[in-house]
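An overview of the molecular structure
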Amino acid sequence: MANTQDIRRRIKSIRNTAQITKAMQMVAASKMRRAQQHGLAGRPYAGLMNKVLVSLQKRTDPKLHPLLQIRPLKKELVVIISTDKGLAGALNTNLFREAINFEPDKSDFIVTGRKARQFVARTKRNLLADFELKDAPAFVDTKPIANFAIEKFLNREVDKVSVLYTHFINTINQKPVVQTLLPISSFEVRQHQPSETTNEHVDPMVGYTFEPSAEAVLDLMLPYYIQYEVFQMILDARASEHSARMVAMKNATDNAKEFIKDLTLEYNKMRQASITTELLEIATAQMALSS
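Residues numbered from 1 in each chain as written. Predicted model: local features only at pLDDT ≥ 70, side-chain atom pairs only at ≥ 80, totals over all residues. Heavy atoms only, no water.

**Quick word on the overall build of the chain**
Counting secondary structure elements, the chain contains six helices and five strands. For the chain, the α and β elements follow one another from N to C terminus as α-α-β-α-β-α-β-α-β-β-α. Computed over its C-alpha atoms, the radius of gyration of the chain comes to 29 Å, more than 25% above the 19 Å expected for a compact globule of 291 residues. Projected onto the principal axes, the alpha-carbon positions of the chain cover approximately 115 × 45 × 30 Å. Each of the 291 residues in the chain was classed as buried or not, and the buried ones make up 42%. The long-range share in the chain, meaning contacts at least 24 apart out of those at least 6 apart in sequence, stands at 77%. (Helix = DSSP H or I, 4+ residues; strand = E, 2+ residues; numbered from the N terminus. Rg over C-alpha atoms; globule rule 2.2 N^0.38 Å. Buried < 20%, exposed > 50% of the residue type's maximum accessible area, 1.4 Å probe, protein only. Contact = heavy atoms within 4.5 Å.)

Okay, here's the thing in structure tokens:
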């Protein structure tokens, strides 16, 4: 049975842990806000690019561009966007639960994040590339991922490219999502303006002329569209990661405080019992002497 010294030692240890988890919570909250701001900053640009692409699609024959061609599915390339670190609750667990649904013999994998790399190695799946990204990547840092996927699709090494990442809903909710990247079926750039409604039968760029031709502009913009999609998904995954870690660290801090309260109560009870025992011993000794 633990004595008062052991309980004091445990209280001190748990209090130090609570200070660490509180600091990690504050850091994660700051990073989450920055990731959300980066995603919001690209919304006006994404909305305009969406309009241009819809207009280009209406002025050209989609079947002529290889990135728009739908082929029979024989091999699929899966891009997994995970975290480098743990302590983010069930974020990676839920993500990898979706990744298990891809058949290993019909799927190749690209990963970014140490946790995804470990998952692919542990499940003995075919890893084609592993991209390391900093915590707040710029657009230029994410372009190689999109370019690698485009190259595999154009070379007909894969017939479909999907991205598995965690979609940020709010601070409490994050949902693993599988998004088809290639072939492009419709132009809906993520993080577009929610207030804008587009009629699919109307050219949103009426009155504009594309030079040298709509086909040439479409050839130039489609790879950039893929690159921008991947960039937005990574920003979304980063916001989800920091949000999940903030909530996990807050729960850990709260649990530590509750544990300290319970241990303090137990410590006070043991001290009271010890004092009562000592008083009884003193009273018994005095009675024995007086008799």
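Read on, since the account is not over.
**A word on the sheet that holds strand 3 (residues 126-131)**
Pairing within the open sheet is mixed, and its five strands lie in the order 3-2-1-4-5. Each edge of the sheet is formed by a strand with only one pairing partner; in this case those strands are strand 3 and strand 5 (174-182). The average angle at which neighbouring strand axes cross in this sheet is 25 degrees, direction not considered. Of the strand pairs in this sheet, strand 2 (residues 107-112) and strand 3 are connected by five bridges, and their pairing is parallel. Across the sheet, the residue bridging to phenylalanine 109 is leucine 127, located in strand 3. Packed onto the sheet, helix 4 (residues 114-122) meets strand 1 (76-81), strand 2 and strand 3 and runs at close to 150 degrees relative to strand 2. (Pairing = 2+ DSSP bridges. Axes fitted to C-alpha atoms, helices over the stretch in contact; angles between N-to-C directions.)

**Section: a nonpolar patch on the surface**
Nonpolar side chains collect at one region of the surface, where Ile275, Leu279 and Ile282 lie side by side and expose about 280 Å² of accessible area between them. Relative to the elements of secondary structure, leucine 279 occurs in helix 6 (residues 214-290). (Patch = residues over 30% accessible without salt bridge, like charges linked within 9 Å, V, L, I, M, F, W, Y side chains within 5 Å. Areas by Shrake-Rupley, 256 points an atom, 1.4 Å probe, with all protein chains shown as cover. Salt bridge = Lys/Arg side-chain N within 4 Å of Asp/Glu carboxyl O.)

**A short note on the pairing of strand 5**
Each regular strand carries side chains that alternate between the two faces of the sheet. Direction of pairing for strand 4 (residues 160-168) relative to strand 5: antiparallel, over a ladder of eight bridges. Its bridge partner lying in strand 5, leucine 164 is registered against valine 178. Between strand 4 and strand 5, which follow one another and run antiparallel, lie five residues.

**Some points on helix 1 (residues 4-41)**
Its 38 residues place the ends of helix 1 56 Å apart at the C-alpha level, agreeing with the 56 Å of an ideal helix rising 1.5 Å per residue. Within helix 1, burial applies to Ile7, Ile11, Ile14, Ala18, Thr21, Gln25, Ala28, Ala29, Met32, Ala35 and Gly39. Buried positions along helix 1 lie against helix 2 (43-59), strand 4 and helix 6. (Expected span 1.5 Å × (residues − 1).)

**Remarks on the nonpolar core**
If you look at soluble globular proteins, the nonpolar side chains tend to sit buried side by side. Judged by nonpolar contacts, the single largest core of 43 residues is most densely connected at Leu53, Leu56, Ile81, Val161, Leu182 and Ile226. Sorting the residues of this core by element identifies helix 2, strand 1, strand 3, helix 5 (139-154), strand 4, strand 5 and helix 6 as the ones contributing at least two each. Looking at this core, the element that brings in the most residues is helix 6, giving 14 residues. Of all hydrophobic cores here, the second largest spans 12 residues; its members include Leu95, Phe102, Ala116 and Val120. (Core = buried A, V, L, I, M, F, W, Y, C linked by side-chain atoms within 4.5 Å.)

**Some thoughts on the packing of aromatic side chains**
Enumeration according to the criterion identifies eight aromatic pairs in this entry. On the numbers, 6.4 Å between centres and 55 degrees between planes, the contact of tyrosine 228 with phenylalanine 231 is tilted. Pair noted here: tyrosine 228 and phenylalanine 231 are both in helix 6, with a separation of three residues, about one helical turn. Comparing tyrosine 228 with phenylalanine 231 shows no difference in burial state: the two are buried. The rings of Tyr45, Phe139, Tyr224, Tyr228 and Phe231 are connected pair by pair, giving a single aromatic cluster. Cation over ring: arginine 71 sits above phenylalanine 153, and NZ or CZ is 4.3 Å from the ring centre. (Phe/Tyr/Trp six-rings, centres within 6.5 Å; stacked < 30°, edge-to-face > 60°. Lys NZ or Arg CZ within 6 Å of the ring centre and 35° of its normal.)

**A closer look at helix 3 (residues 91-99)**
What helix 3 keeps buried is the set Leu91, Asn92, Leu95, Phe96 and Ala99. End-on view of helix 3: buried residues confined to an arc of 115 degrees, all on one side of the axis. The inward-facing, buried residues of helix 3 abut strand 1, helix 4, strand 4, strand 5 and helix 6. (Arc of directions from axis to C-beta.)

**A word on the side chain of glutamine 227**
Topologically, glutamine 227 is positioned in helix 6. Contact partners of glutamine 227, with chain neighbours within four places excluded, come to Phe139, Lys143, Ala146 and Asn147.

**Notes on the packing of helix 3 against helix 4**
It is the contact of helix 3 with helix 4, at a shortest axis distance of 11 Å, that shows an interaxial angle of 40 degrees. Between helix 3 and helix 4, the angle falls in the class oblique. Once helix 3 is placed against helix 4, the crossing between them reads as right-handed. Packed against helix 3, whose contacting residues are Asn92, Phe96 and Ala99, the element helix 4 presents Lys115, Ala116 and Phe119 at the interface. By residue class, the composition of the contact of helix 3 with helix 4 is four nonpolar, one polar and one charged. (Parallel < 35°, antiparallel > 145°, perpendicular 65-115°, else oblique. Left-handed = near helix turned anticlockwise from the far one by under 90°. Nonpolar A, V, L, I, M, F, W, Y, C, P; charged D, E, K, R; others polar.)

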